[in-house]
Structure formats: C-alpha cells, structure tokens
Amino acid sequence: MAAKGAAVKRINLALQGGGALGAYTWGVLDRVLEDDRLEIAAISGASAGAMNGVVLCDALVEGGKSGARAALRAFWGGIARAGAASPFRQSPLQAMMLSTLGPLVGEAITTPWTWWWNTVLEASSPYDSNPLNLNPVGDVLDDLVDFERVRRCTSVRLFVAATNVETGRVRIFTNPEMTARHVLASACLPQIFQAVEIDGAHYWDGGYMGNPPLFPLFDKPASRDIMIVQINPIERPGVPKAAGDIAARVNEITFNASLLRELHAIEFVGRLLDQNVLEQGRYNKMLIHVVSDDAALSPLGAVAKLNTDLGFFEQLFRIGRLAADRWINDHFDDLGARSTVDLREMFQGDVGPRFTAR
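What you are looking at is a predicted structure, and each value in this text was computed from that prediction instead of being measured.

This prediction gives the chain a mean pLDDT of 85; 85% of its residues lie at or above 70. Confidence over residues 88–116 falls short of pLDDT 50; this stretch has 57 contacts with residues more than four positions distant or in other chains. Confidence drops under a pLDDT of 50 for residues 354–358, and excluding neighbours within four residues, the segment shows zero contacts in the predicted structure.

And the structure:
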C-alpha cells in the first residue's frame, strides 16, 4: 500500500500466454493491484494473458482495484471448475508432492496422460477430435465478463493479439470491438480448437506472432514503462534429447520469438536515441521491466499448461505474487527513470563476426 501523498506511477502491462501458467500472471496482477502507488495505463496480452487482461479491465470499470482482484480470483476458480473433467489434473499424490516440495518437483506434476497427449497432437486434428469445437473457457468468459463494459472502458487501453491463419500476421483487437470471441481467437491453439472466424478472417493463438505484442504500447504512450509478465522461459540450459523435451523447447522458442524481435528493436531504437541519431520526442525510449521466476516455472513441463487443478492455480498465484512483490520492492524507484532489463547485454553476441571489405 502507498504512503499518504506518495507519487502514483503509471505502467503498461504486457502479459504472456501460456495456458494454465497464466495463473502465475494472476498472482502478479493481484500484487500490482494491491499497490496504490501503481496505476495501469494499458494492457497487451495473448492467450491466457489476454484473458487476464479482459477480466481485469472489465472489473476495474465497475469495482476498482479490489473488484478486479476479486474478479481474477473468480475467473481462475471458474476455469478450474470448467476443467474438472480434464485428464491433465493432478492426482492426489502429485498434488501432495507439489504442496510439499513446491514447483521444483518438475515433471513429477505432469500426469500419466502425457504420452497420450503428445500422440494426439501429432496425429489428430480438432476438426476430427473436437467436431463441435467445444471450449469451456468461452462459457466462463460469458458468465464472468461484461464485454459491454470492456468496450466502454477508456481508463485502460486493451490490446489482444491473435494470429491470422491465412496471412500469418498479427491482428490486434482493442477495447471498442472486444467480445468473448476475440479472446477465444487469441487463445486458439490449433491442435485443440478449430480456427476462430471473425468478420470473415480466421485466427489462431496470438502467441505465435505476439507473446505478448509490445508495439501497440509505443504509440503516444501514457507511460514509457512496460512491465512484461513472462511465463515462457527464454533460456533453458542443456540440449533436450527426449522427444517430449524437444517439442517443449521448440514450443518455448516459437512463443518467445516475436517478443525477442520486439525487444531487439526497442534496444536498437534506444541506442540510436542515446546517440542522438533519432529525434527525441518523435520516438519514445521505452523502459522495459520483466517479472519472471524461471527457477519456479521452468521445471513444470509443457503439459502443466493444461493442468486445471485449483490447487495448482493457487500455487502459481502465490509464486506470481511473491515475484511481483520482490520486483516492486527492488525496482519501484526505477519506474519512469530507467529500464531494469539490460537489453544491450541480452542481445550481445547475437550477430557473428563482422566482415571487413578488402
């Protein structure tokens, strides 16, 4: 909570998608909403990040920060109930292990269905395996989100990413057009759900082309600070050898590729601004911050993204709250002043030896 008279700082939130791991983002948002020194100017998200953003935006209009915190809890509880029949829920033994050992038990929290799931992804199409295109998340959104309020919301700008199946380009949906269908398009994994049609175009998960998209936050920003809530590890030591591990790493690389490209562009523009090559004022030097916990999230495994157990959500919520609390305590004073991620160091060495003409 803020001390009386403390300055309020506005931030943009960029929320990654990652299925059930979006409950980690729930925890981060809960801590951010609890702090009266922080005000959310805009939210950009894909998949689970888009869901968190829409729920938060809707509830802020009606119930303020406390209402948004309650709405996010209700949403993840609804997802748990909707997924009650999922084969990826933890067994009682796995739940006990997670509770006792924490998330570092790694693959122990996955289920015996893992081998079956990998086979299904490789061999089936949702047009065959899910001909009715059932998606219980849509029911949860319809029950808990007033999309008319989201469309009227002007205090928080909302940007939801989806991938156009035919063009391969990202499509950004904003407050005035938002419906449950737009959110489902952002979260449409093509191995599980049929492409979502909107105005004659078909969409898959937004994470392929923007996880999360940062560029919508550049234009006339209410804040230069972008807080990325990262749930997909960028780096993972070691070379995977097992088929499942290889597929999981390919998935991580794919869903981080667009984010890395945008961060590279931000670093490049920032460097040119520092060198006075670009005109100050015409271009904005964005300040980048990342809330992550690779030590806790990396060992969970890809199938954990499908785990809809409420206890698992609560564990991720606590991890996310703690990560956000550490970040705010360490870096609140940096907001508005400097990035807390060294992008130049991050990309150093990406370009190989420079060739000199003879």
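Turning our eyes to something else, we now look at the nonpolar core. Nonpolar side chains in soluble globular proteins generally cluster together in the buried interior. Tyr24, Val54, Leu56, Leu141 and Met178 are the most contacted members of the largest nonpolar core, which totals 72 residues. For valine 54, the residues in contact, after removing those within four places along its chain, are Val145, Phe147, Val150, Leu158, Val160, Met178 and Val183. Counting residues in each nonpolar core, the second largest holds 18 residues, with Ala46, Ile228, Leu259 and Phe347 among its members.

Viewed as axis vectors pointing N to C, helix α1 (residues 22–34) and helix α11 (residues 310–331) meet at an angle of 45 degrees, and their least axial separation amounts to 6 Å. With respect to each other, α1 and α11 are oriented oblique. Of the two possible hands of crossing, α1 and α11 adopt the one that is right-handed. Across the interface between the two elements, Ala23, Tyr24, Trp26, Gly27, Val28, Asp30, Arg31 and Glu34 from α1 touch Phe313, Glu314, Leu316, Phe317, Ile319, Gly320, Arg321, Ala323, Ala324, Asp325, Ile328 and Asn329 from α11. Each residue belonging to the contact of α1 with α11 can be placed in one class, and the counts come to eleven nonpolar, three polar and six charged.

Glancing now at the environment of valine 156. Following the sequence through the fold, valine 156 ends up in the loop between α7 (147–152) and β3 (157–164). For the pair valine 156 and leucine 60, spaced 96 residues apart in sequence, the C-alpha to C-alpha distance is 8.7 Å. In this view, valine 156 contacts Ile40, Ala41, Ala42, Ile43, Cys57, Leu60 and Asn175; residues no more than four positions away in its chain are not counted.

This next bit is on the pattern of salt bridges. All told, the structure shown has 23 salt bridges when counted by the stated rule. The salt bridge involving glutamate 252 is made with arginine 249; its shortest N-O contact spans 2.8 Å. Of the two residues, glutamate 252 and arginine 249 are both situated in helix α9 (residues 243–274); the distance of three residues between them amounts to about one turn of the helix. A relative accessible area of 8% means that glutamate 252 is categorised as buried. On the basis of relative accessibility, which here comes to 15%, the residue arginine 249 falls in the buried class. Among the ionic pairs, lysine 285 bridges to aspartate 274, the shortest N-O distance being 2.8 Å. In this pair, lysine 285 is assigned in the loop between α9 and β8 (287–291) and aspartate 274 in helix α9, connecting sequence segments eleven residues apart. Residue lysine 285 is classed as partly exposed on the basis of its relative accessible area of 32%.

When β3 meets strand β4 (residues 170–174), the two strands line up antiparallel, connected through five bridges. Paired with alanine 162 across the two strands is arginine 171, which belongs to β4. A loop of five residues connects β3 with β4, the two strands running antiparallel in sequence, and glycine 168 in this loop sits at a positive phi of about 75 degrees.

Attention now goes to unusual backbone geometry. The linkage connecting asparagine 211 with the following residue, proline 212, adopts the cis geometry, with an omega of -5 degrees. Of note, proline 212 is situated in the loop between β6 (201–205) and β7 (225–229).

Along any regular strand the residues' side chains alternate between the sheet's two faces. Here strand β2 (residues 38–46) lies mainly inside the structure; eight of its nine residues are buried. Here seven bridges tie strand β1 (residues 9–15) to β2, and the two strands are oriented parallel to one another. Counted as the bridge partner of leucine 15 is glycine 45 from β2.

Attention shifts here to the packing of aromatic side chains. By the definition in use, this model includes five aromatic pairs. Ring geometry for phenylalanine 173 versus tyrosine 203: centroids 5.5 Å apart, planes at 80 degrees, classification edge-to-face. You can see phenylalanine 173 sitting in strand β4 and its partner tyrosine 203 sitting in strand β6, a full 30 residues away along the chain. In this pair, the class of phenylalanine 173 matches that of tyrosine 203, namely buried. Grouped by ring-pair contacts, the aromatic residues Phe75, Trp76 and Phe313 constitute a single cluster. Sitting over the face of the ring of phenylalanine 332, lysine 9 holds its NZ or CZ atom 4.6 Å from the ring centroid.

Definitions and limits used
- Residues numbered from 1 in each chain as written.
- Predicted model: local features only at pLDDT ≥ 70, side-chain atom pairs only at ≥ 80, totals over all residues.
- Heavy atoms only, no water.
- pLDDT = per-residue confidence, 0-100.
- Contact = heavy atoms within 4.5 Å.
- Core = buried A, V, L, I, M, F, W, Y, C linked by side-chain atoms within 4.5 Å.
- Buried < 20%, exposed > 50% of the residue type's maximum accessible area, 1.4 Å probe, protein only.
- Axes fitted to C-alpha atoms, helices over the stretch in contact; angles between N-to-C directions.
- Helix = DSSP H or I, 4+ residues; strand = E, 2+ residues; numbered from the N terminus.
- Parallel < 35°, antiparallel > 145°, perpendicular 65-115°, else oblique.
- Left-handed = near helix turned anticlockwise from the far one by under 90°.
- Nonpolar A, V, L, I, M, F, W, Y, C, P; charged D, E, K, R; others polar.
- Salt bridge = Lys/Arg side-chain N within 4 Å of Asp/Glu carboxyl O.
- Pairing = 2+ DSSP bridges.
- Phe/Tyr/Trp six-rings, centres within 6.5 Å; stacked < 30°, edge-to-face > 60°.
- Lys NZ or Arg CZ within 6 Å of the ring centre and 35° of its normal.

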